[in-house]
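Commentary on secondary and tertiary structure
Residue-level listing of the chains:
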Amino acid sequence: MLRNSPSAAPLGAYSIKNAALSFSFARALTENIAAGLTYKKLFEKISGETAGGYAFDGGVIVKTPIEGVSLSVAARNYGTMGKLKSERTKLPSDMSFG
């Protein structure tokens, strides 16, 4: 007879671990312009497979002549990961304007 319910004993164990260590630097370039950059060292482990990588974030903010209004651009997660078994993890890179 075939059963469609879980067994009392587990079939195995599975774990996922992710870590990111980052270093950031930002400063005013002029009275109206500031910029920043972040470097991230990445690590992931799924069961017995591991991969490492890196990513960069960066941004610039510019004050406009209009009181209280600034323009900015930010780029996040541009980098690469090593292969995890046979595939690389694609980083969720994006850019924002505002």
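Let me sum up the structure you'll find in this document. Note that this is a predicted model, so its numbers are computed, not measured. (Residues numbered from 1 in each chain as written. Predicted model: local features only at pLDDT ≥ 70, side-chain atom pairs only at ≥ 80, totals over all residues. Heavy atoms only, no water.)

If you look at the biggest cluster of nonpolar residues, it comprises six residues: Leu-42, Ala-51, Ala-55, Met-81, Leu-84 and Leu-91. Not counting the four nearest positions on each side in its chain, Leu-91 is found in contact with Leu-42, Tyr-54, Ala-55, Asn-77, Gly-79, Thr-80 and Met-81. (Core = buried A, V, L, I, M, F, W, Y, C linked by side-chain atoms within 4.5 Å. Buried < 20%, exposed > 50% of the residue type's maximum accessible area, 1.4 Å probe, protein only. Contact = heavy atoms within 4.5 Å.)

Strand order in the open sheet formed by five strands is β1-β2-β3-β4-β7, and the pairing between neighbours is antiparallel. The sheet is open, and its two edges are formed by β1 (16–28) and β7 (94–97), each paired on a single side. Averaged over all pairs of adjacent strands, the angle between their axes in this sheet comes to 10°, without regard to strand direction. Pairing of strand β2 (residues 33–46) with strand β3 (residues 49–63) involves 14 bridges; the strand directions are antiparallel. Paired with Thr-38 across the two strands is Asp-57, which belongs to β3. (Pairing = 2+ DSSP bridges. Helix = DSSP H or I, 4+ residues; strand = E, 2+ residues; numbered from the N terminus. Axes fitted to C-alpha atoms, helices over the stretch in contact; angles between N-to-C directions.)

Right, let's get into the packing of aromatic side chains. Taken as a whole and judged by the stated rule, the model has two aromatic pairs. Where Tyr-39 meets Phe-56, the ring centres are 5.3 Å apart and the plane angle is 55°; that geometry is what we call tilted. A residue pair is termed long-range when its members are at least 10 positions apart, and Tyr-39 in strand β2 and Phe-56 in strand β3 qualify at 17 residues. The exposure class assigned to Tyr-39 is partly exposed, which follows from its relative accessible area of 32%. Overall, Phe-56 belongs to the partly exposed group, its relative accessible area being 36%. Among the aromatic residues, those joined into a ring-pair cluster are Tyr-39, Tyr-54 and Phe-56. (Phe/Tyr/Trp six-rings, centres within 6.5 Å; stacked < 30°, edge-to-face > 60°.)

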